[in-house]
Amino acid sequence: MNLFKNKLTSNSVPIKTNRTAIVGAGVAGMTAAIYLLRSGCDVTVYEKHSISGGVCTGWKRKGYFFEGAVHWLTGSKADVQLYRLWRDTGILADGVKTYREDPFLSITVGGEEIYLYRDLEKQKKHFLAISPEDAKAIERFYRDVKSFLHFQMPVVDIKGVKVKNRSKSKLCTGLKMLPVLIKAARLSRISTEEYAAQFKHEGIKKFLSEFIVRPDYFAVALVATIATQIKDGVFPEGGSLALAKRMENKIIELGGKILFNTEVEKIAVENGVTKGVTVNGKTELYDAVIVAADTVSAQNLFDSPPSDKWIQEIKTKKPMLCTFVGIGVRENLSNLPCSICINEKITVGGVDYGIWGLRNYSKHGEFAPEGCTSLTAMFTDDSYDFWKKHKQNGSYYEQKTQLAAEIARLIEKHLPQLKGKIEVIDIATPLTYERYTASHKGAWMTVKEKSKNYRFLMPEPVCKGIKNVYFAGFRTISPGGLPIALYSGFRAAQYVCRDNCIVFEGQI
Ligand SMILES: Cc1cc2nc3c(=O)[nH]c(=O)nc-3n(C[C@H](O)[C@H](O)[C@H](O)COP(=O)(O)OP(=O)(O)OC[C@H]3O[C@@H](n4cnc5c(N)ncnc54)[C@H](O)[C@@H]3O)c2cc1C
């Protein structure tokens with residue numbers, strides 16, 4: 001590879017290539033690495049953990065694989081702007097099978113089954129069939145979701161960067177998004193719980209207010225999540241761990257380096273300019289540094305943390321975190337749907353859940369030993385203080401054991417065929433996420449609550465007082481998630497190119 005090929009020079013003499021350090025081999029950091037390498041830069045990624053992926057991961061216990069992140073990946077269709085980025089990074093590489101199980105979610109309330117289908121017309125008919133008295137609310141729901149089918153994450157080139165293959169934003173895509181923005185303004189003012197309250201049917205109400213997203217999220221989250229499932233939400237073969245490995249392989253293929261078990265201790269700054277990173281007490285020199293670790297916890301990497309307004313605002317955003325449970329059972333559950341509902345109260349990390357679900361991975365034979373099934377449950381809410389308190393007073397493992405016993409009891413009650421067949425229950429708390437990824441409170445997204453003045457903001461991920469340092473990752477554009485990690489990495493790479501007069505290679 002010619003490392004000088006993309007450098008813009010005023011004469012024909014090649015100058016030193018740009019050297020960029022990236023802190024964190026999560027999806028954001030690896031995306032930035034891939035685009036910079038393709039633009040001819042010399043890239044080293046530092047990762048504190050022994051594997052890549054960050055929170056986008058999965059793990060094995062007693063022969064069972066627990067998928068730990070990607071429940072759905074949005075933007076998987078070729079007409080969506082994000083699609084090129086999934087392809088360029090190897091996330092949706094050729095030959096990677098994707099799954100769209102239908103129905104995607106289901107719950108049972110009062111003996112009645114309620115489904116979330118991948119087809120909006122079918123969804124409308126289903127709701128009308130179980131609750132004709134809700135015809136008006138169903139029609140409104142139908143129209144809301146329908147307009148959100150046109151919503152997509154905008155992929156735009158930053159101002160001032162020279163791009164070889166420019167991102168193509170079509171005018172018609174923008175025009176189709178206009179009604180969505182109007183709806184988003186209305187839906188951002190109410191919570192999911194308030195949105196669901198327009199329905200009379202108790203089951204639909206419960207489904208919409210508690211099962212899909214949490215009741216305190218703004219209603220945009222609910223409608224957008226449903227639209228995503230209908231439009232193009234997929235599960236890629238092998239899940240999160242395989243996805244991260246494909247990105248890692250791409251970096252190596254392009255000549256980049258990933259240093260595992262290597263924690264960046266400091267961002268070295270001299271006279272307002274980033275000099276590089278400090279690792280094992282030694283400063284390694286770089287022309288640019290992309291901080292793709294959690295922006296909030298990464299403030300500790302600076303002797304004088306940046307005071308930029310956007311960073312101060314990020315610190316005030318409510319973090320999204322969870323207690324995550326992997327369950328391995330000695331039974332083939334392929335006769336059951338991919339979403340199994342347990343309509344029974346449970347308290348997890350001090351938070352009450354009236355209804356909860358199990359993700360059934362029986363269709364993914366490689367996730368469990370023969371004749372067995374891997375299940376997962378996700379209890380999303382801020383339980384950090386609960387777990388921290390028990391860690392500090394020495395009762396953390398006792399609490400986890402009690403929770404595992406309660407989960408086993410409720411699963412066996414609802415699925416009696418599993419009596420005595422639960423072989424493993426593995427619990428990851430927010431402290432686990434914090435330990436592995438250094439993210440503040442173990443967060444992996446942020447929560448959007450209802451607000452009178454909601455605006456979708458993409459602050460410039462730079463510091464006014466420190467040159468050559470850039471930020472990427474789930475905190476940099478709220479609410480986060482895989483699309484944001486991806487796009488923020490793409491964008492950070494563009495900033496490096498812009499400020500170092502490098503032609504950004506762009507999307508393939
Ligand atoms: C249970 C769960 C379910 C999810 N479901 C979905 C879903 O269905 N769809 C979706 O789109 N998103 C989902 N997400 C969210 C998505 O996975 C994350 O938002 C995204 O992966 C975050 O990527 P990131 O690169 O920004 O951050 P991270 O993954 O946190 O990456 C940061 C990396 O930096 C490293 N690091 C930190 N500090 C240092 C340091 N000092 N030196 C070196 N390395 C350091 C960390 O170890 C980590 O590898 C889910 C997440 C979870 C946990």
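Residues numbered from 1 in each chain as written. Predicted model: local features only at pLDDT ≥ 70, side-chain atom pairs only at ≥ 80, totals over all residues. Heavy atoms only, no water.

**Student:** An account of the overall build of the protein is requested, with residue identities and associated values reported.
**Tutor:** Broken down by element type, the protein carries 14 helices and 25 strands. Against the compact-globule benchmark of 23 Å for 508 residues, the protein has a radius of gyration of 23 Å, which places it among compact chains. Dimensions of the protein along its principal axes, counting C-alpha atoms only, are 75 × 55 × 45 Å. Relative to its 508 residues, the protein shows a buried fraction of 58%. Across the protein, contacts joining residues at least 24 apart in sequence account for 73% of those joining residues at least 6 apart. Carbon and sulfur atoms form 53% of the exposed surface of the protein, whose accessible area is close to 21600 Å². Taking the average location of the 71 positive side-chain charges in the protein and that of its 53 negative ones, the two points are 5 Å from each other. (Helix = DSSP H or I, 4+ residues; strand = E, 2+ residues; numbered from the N terminus. Rg over C-alpha atoms; globule rule 2.2 N^0.38 Å. Buried < 20%, exposed > 50% of the residue type's maximum accessible area, 1.4 Å probe, protein only. Contact = heavy atoms within 4.5 Å. Areas by Shrake-Rupley, 256 points an atom, 1.4 Å probe, with all protein chains shown as cover. Lys, Arg positive; Asp, Glu negative; His and termini not counted. Charge placed at Lys NZ, Arg CZ, Asp CG, Glu CD.)

**Student:** Could you give an account of the pairing of strand 7 (residues 112-116), naming the residues involved and the relevant values?
**Tutor:** When strand 6 (residues 105-109) meets strand 7, the two strands line up antiparallel, connected through five bridges. Bridging from a neighbouring strand, Leu105 pairs with Leu116 of strand 7. Hairpin connection of strand 6 to strand 7: two residues between the antiparallel strands, including Gly110 at a positive phi of 55°. (Pairing = 2+ DSSP bridges.)

**Student:** With reference to specific residues and values, describe the sheet that holds strand 21 (residues 373-380).
**Tutor:** Taken in spatial order, the five strands of this open sheet run 17-20-21-16-22, and their pairing is antiparallel. The sheet is open, and its two edges are formed by strand 17 (339-342) and strand 22 (422-428), each paired on a single side. Taking the axes of each pair of neighbouring strands and ignoring which way they run, one obtains an average angle of 25° across the sheet. For strand 16 (residues 322-329) and strand 21, the ladder comprises eight bridges, and the chain directions are antiparallel. By the bridge assignment, Thr323 is partnered in strand 21 with Phe379. Packing against the sheet, helix 12 (residues 396-414) makes contact with strand 16, strand 17, strand 20 (356-360), strand 21 and strand 22, and its axis sits at approximately 130° to strand 22. (Axes fitted to C-alpha atoms, helices over the stretch in contact; angles between N-to-C directions.)

**Student:** So, the site of the ligand: which residues are in play, and what are the values?
**Tutor:** Taken together, 36 residues surround the ligand, and among them Glu47, Ala69, His71, Trp444 and Phe474 come closest. In this structure, an oxygen atom belonging to the ligand sits 3.2 Å away from a main-chain N or O atom of Val27. A distance of 3.3 Å separates an oxygen atom of the ligand from a polar atom in the backbone of Gly481. Against a free-state accessible area of 1000 Å², the protein chains account for coverage of 96% of the ligand. The set of elements that each furnish at least two residues to the shell around the ligand consists of helix 1 (27-38), helix 13 (430-437) and helix 14 (482-499). (Near = heavy atom within 4 Å. Polar contact = N/O pair within 3.5 Å; in protein donor to acceptor, adjacent residues only side chain to side chain.)

**Student:** Report on the environment of Lys363, specifying residues and quantitative values.
**Tutor:** On the secondary structure map, Lys363 appears in the loop between strand 20 and strand 21. Note on Lys363: relative accessible area 46%, which makes it partly exposed. Taking the C-alpha atoms as reference, Lys363 lies 9.6 Å from Pro337; in sequence the two are 26 residues apart. Leaving out residues up to four positions away in the same chain, Lys363 has contacts with Glu101, Ser334 and Leu336.

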